[in-house]
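One letter stands for each residue in the lines below.
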Amino acid sequence: MTGAVGLLQDLVRLPSPSGKEEAVVARLEAEFRSLGWTPEVRGRNITALLDGGPGPLLLLNSHTDTVPVGAEWTKDPLAAAVEDGRIYGRGSNDAKGCLTAMVLGAARAFSKNAPKGRVLLAATCEEETLGQGLEKLLPSLPRPDAAVVGEPTGLQPAVAQKGLVVLEITARGRSAHAAWGGGVNAVEAAARDVLALSGLSFERAHPALGTPSLNVTQISGGERHNVIPDRCRLVVDVRTTPDYAPEEIVARVRAAVGGEVVVRSSRLGSVATDPAHAVVRAALAANPGSVPYGSPTLSDWVFLKGIPTVKAGPGESRRSHTPDEYLETAELEAGVAFYEALIRRYFEEAAA
Ligand SMILES: [Zn+2]
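What counts and how
Residues numbered from 1 in each chain as written. Predicted model: local features only at pLDDT ≥ 70, side-chain atom pairs only at ≥ 80, totals over all residues. Heavy atoms only, no water. Helix = DSSP H or I, 4+ residues; strand = E, 2+ residues; numbered from the N terminus. Buried < 20%, exposed > 50% of the residue type's maximum accessible area, 1.4 Å probe, protein only. Contact = heavy atoms within 4.5 Å. Areas by Shrake-Rupley, 256 points an atom, 1.4 Å probe, with all protein chains shown as cover. Lys, Arg positive; Asp, Glu negative; His and termini not counted. Charge placed at Lys NZ, Arg CZ, Asp CG, Glu CD. Pairing = 2+ DSSP bridges. Axes fitted to C-alpha atoms, helices over the stretch in contact; angles between N-to-C directions. Disulfide = S-S within 2.5 Å. Donors = N, O, S within 2.8 Å, 3.2 Å for Na, K, Ca; no water. Tetrahedral: all angles 85-135°; square planar, octahedral: opposite > 155°, others 65-115°. Salt bridge = Lys/Arg side-chain N within 4 Å of Asp/Glu carboxyl O. Phe/Tyr/Trp six-rings, centres within 6.5 Å; stacked < 30°, edge-to-face > 60°. Core = buried A, V, L, I, M, F, W, Y, C linked by side-chain atoms within 4.5 Å. Domains from an automatic or database assignment. Buried area = accessible area lost by both parts, 1.4 Å probe. Polar contact = N/O pair within 3.5 Å; in protein donor to acceptor, adjacent residues only side chain to side chain. Nonpolar A, V, L, I, M, F, W, Y, C, P; charged D, E, K, R; others polar.

1. With respect to the overall build of the protein
- Scanning the protein from terminus to terminus reveals eight helices and 18 strands.
- The principal-axis extent of the C-alpha atoms belonging to the protein is close to 85 × 45 × 35 Å.
- When burial is assessed residue by residue, the protein has 50% of its 352 residues classed as buried.
- Pairs at least 24 apart in sequence give 82% of the contacts found in the protein among residues at least 6 apart.
- For the protein, the exposed surface amounts to about 15,000 Å²; the carbon and sulfur share of it is 52%.
- On the protein, the mean spot of the 36 positive side-chain charges and the mean spot of the 41 negative ones are 3 Å from each other.

See the structure below:
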């Protein structure tokens, strides 16, 4: 069995932008075999079932892919060098550190006094693009009783997660020569829609997530300086809560604006878990003093709707996707202990 720092370094040194996770899967397959597990590789996803006997099934999931390296790094993004207690590299924080800690935490939990129940470890691909990973794998897996999604949360358990609705609004007008005037200016119509959207408010607040947020994030209109534009397009990003179905959000936007509204995406729903569920209690017990919270960022949790889930792992969400991404070695070791304790406590709580 490789140590936590060594395994994370190995994973960081194998680049795995979304769609190109094969080398990381092969490294994990070797690690799983050396731990005495029987890995199953399906596409670019890999699973292993740890069986402590009859009992509930706990899914542990994290992702093998990373965003591209990107610019502005001052460190080598693929060297996984340790400096001042930090392991630098693309994916060190999101989410190869979580993955490493999950694998070794589960290994420790099952190495002696194995819990009564089963853990299904699933390292999945294409989380960053919400592609061929967990969503595609899930139908071929036994249905879990509960799940943990490994993402950098500072080991705080997220018990709810916002969803995403993306809308396109097209304001239309009638073009004319700017010098002569006349026509109907679509950019002005779009501007009125932007102001109307900024005045929209949502009253119903979720205890962990608060209210939905809505932002106009893109605008484009007009072809030339001397032509009154006949169309202007807005893109709107809405982060939803379980209290608002996408249809209600869309209806509110339609009522507020003059432009034509088209739903570009509404499949990534908001999810939430009862804070009293065994998996939440286990996560809280594994990190004494931690507080359940609502996460504004998406993860593969969106595909686990109906399965009680917490999102928790070592590292910090704000470090993800940034240049000079890192995970502290102390955070990694704490992550291993966290997942081991969470697994043990979950099966105790579930049996109680
Ligand atoms: Zn991630």
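2. What to know about the sheet that holds strand β11 (residues 213-221)
- Strand order in the open sheet formed by four strands is β11-β13-β9-β14, with antiparallel pairing between adjacent strands. Only two strands of the sheet have a single partner each, and these edge strands are β11 and β14 (260-268). Averaged over all adjacent pairs, the angle separating strand axes in this sheet is 15 degrees, with direction ignored.
- Note that strand β9 (residues 163-172) and β14 share six bridges and pair antiparallel. Across the sheet, the residue bridging to leucine 164 is leucine 268, located in β14.
- Sitting on the sheet, helix α5 (residues 186-198) touches β9, β11 and β13 (231-240), and the angle it makes with β13 is about 15 degrees.

3. Points about the sheet that holds strand β18 (residues 326-328)
- The strand order across the open sheet built from three strands is β4-β5-β18, with neighbouring strands paired in antiparallel fashion. Looking at strand neighbours, the two that pair on one side only are β4 (82-83) and β18, the edges of this open sheet.
- Of the strand pairs in this sheet, strand β5 (residues 86-88) and β18 are connected by three bridges, and their pairing is antiparallel. Note that in β18 the partner of tyrosine 88 across the bridge is tyrosine 326.
- Sheet strands in contact with helix α1 (residues 4-13) are β4, β5 and β18, and its direction is about 20 degrees off that of β5.
- Of the strands in this sheet, β4, β5 and β18 touch helix α8 (residues 329-351), which is tilted by about 65 degrees from β18.

4. Quick word on the pairing of strand β7 (residues 146-149)
- The side-chain alternation of β7 yields two buried faces, one formed by Ala146 and Val148 and the other by Ala147 and Val149.
- Note that strand β3 (residues 57-63) and β7 share four bridges and pair parallel. Residue pairing across strands places leucine 60 opposite valine 148, the latter belonging to β7.

5. A few points about the state of the cysteines
- Using the criterion set out here, one finds zero disulfides in the structure.
- Here cysteine 98 is not cross-linked by a disulfide; its sulfur's nearest cysteine counterpart is in cysteine 125, at 17 Å.
- Cysteine 125 sits in the buried class, given a relative accessible area of 1%.

6. Let's talk about the coordination of the zinc ion
- The protein atoms that coordinate the zinc ion are His63 (NE2), Asp94 (OD), Glu151 (OE) and Glu151 (OE), at distances of 1.9 to 2.6 Å.
- Viewed at the metal, the four donor atoms of the zinc ion are separated by angles of 53 to 142 degrees, and the geometry they form is irregular.
- Read N to C, the donor residues that coordinate the zinc ion are spaced as H-x30-D-x56-E. Of this pair, histidine 63 sits in strand β3 while glutamate 151 sits in the loop between β7 and β8 (158-161), placing them 88 residues apart in sequence.

7. A short note on the pattern of salt bridges
- Here the structure, examined in full by the defined rule, presents 22 salt bridges.
- Here glutamate 22 and arginine 44 are joined by a salt bridge, their closest N and O atoms 4.0 Å apart. In this pair, glutamate 22 is assigned in helix α2 (residues 22-34) and arginine 44 in the loop between β1 (40-42) and β2 (45-51), connecting sequence segments 22 residues apart.
- Between glutamate 40 and arginine 42 there is a salt bridge whose closest N-O contact spans 2.9 Å.
- Residue arginine 42 is classed as partly exposed on the basis of its relative accessible area, which comes to 27%.
- Taken together, the salt bridges that share partners define one network made up of Glu21, Glu22, Arg44 and Glu126.

8. Re the packing of aromatic side chains
- One pass over the structure, following the stated rule, counts five aromatic pairs.
- Ring centres 5.1 Å apart and planes at 55 degrees place the aromatic pair phenylalanine 32 and tryptophan 37 in the tilted group.
- Overall, the relative accessible area of 1% leaves phenylalanine 32 in the buried class.
- Look at tryptophan 37 and you get buried, because its relative accessible area is 11%.
- With 5.7 Å between their ring centres and 55 degrees between their planes, tyrosine 88 and tyrosine 326 make a pair best called tilted. In this pair, tyrosine 88 sits in strand β5 while tyrosine 326 sits in strand β18, placing the two residues 238 residues apart along the sequence.
- Residue tyrosine 88 is classed as buried on the basis of its relative accessible area of 9%.

9. Some thoughts on the nonpolar core
- Core analysis: the biggest nonpolar cluster contains 53 residues, and Trp37, Leu58, Leu60, Val148 and Ile343 have the highest contact counts within it.
- Of all the elements, helix α3 (residues 92-111) adds the most residues to this core, at 11 residues.
- For valine 148, the contacting residues outside a window of four places in its chain are Leu58, Leu59, Leu60, Asn61, Met102, Val279, Val310, Ala312, Tyr339 and Leu342.

10. Structural notes on the domain arrangement of the protein
- Looking at the protein, the domain boundaries give domain 1 (4-161 + 270-351) and domain 2 (163-268).
- Distance from the C-alpha centre of domain 1 to the C-alpha centre of domain 2: 36 Å.
- Counting from both sides, the interface comprises 14 residues of domain 1 and, opposite them, 11 residues of domain 2.
- Across the domain 1 to domain 2 interface the summed buried area is about 870 Å²; carbon plus sulfur atoms make up 65%.
- Together, Leu130, Ser270 and Leu298 form the three largest contributors to the area buried by domain 1 at its contact with domain 2, with a combined 50%.
- One can count one salt bridge joining domain 1 with domain 2.
- In this structure, arginine 267 and glutamate 135 form a salt bridge, with 3.0 Å as the shortest nitrogen-oxygen distance.
- One can count two residue pairs in polar contact (both at pLDDT 80 or more) joining domain 1 with domain 2.
- Only β8 and β16 (293-295) provide two or more residues apiece to the side of domain 1 that touches domain 2.
- Partitioning the side of domain 1 that touches domain 2 into residue classes produces nine nonpolar, four polar and one charged.

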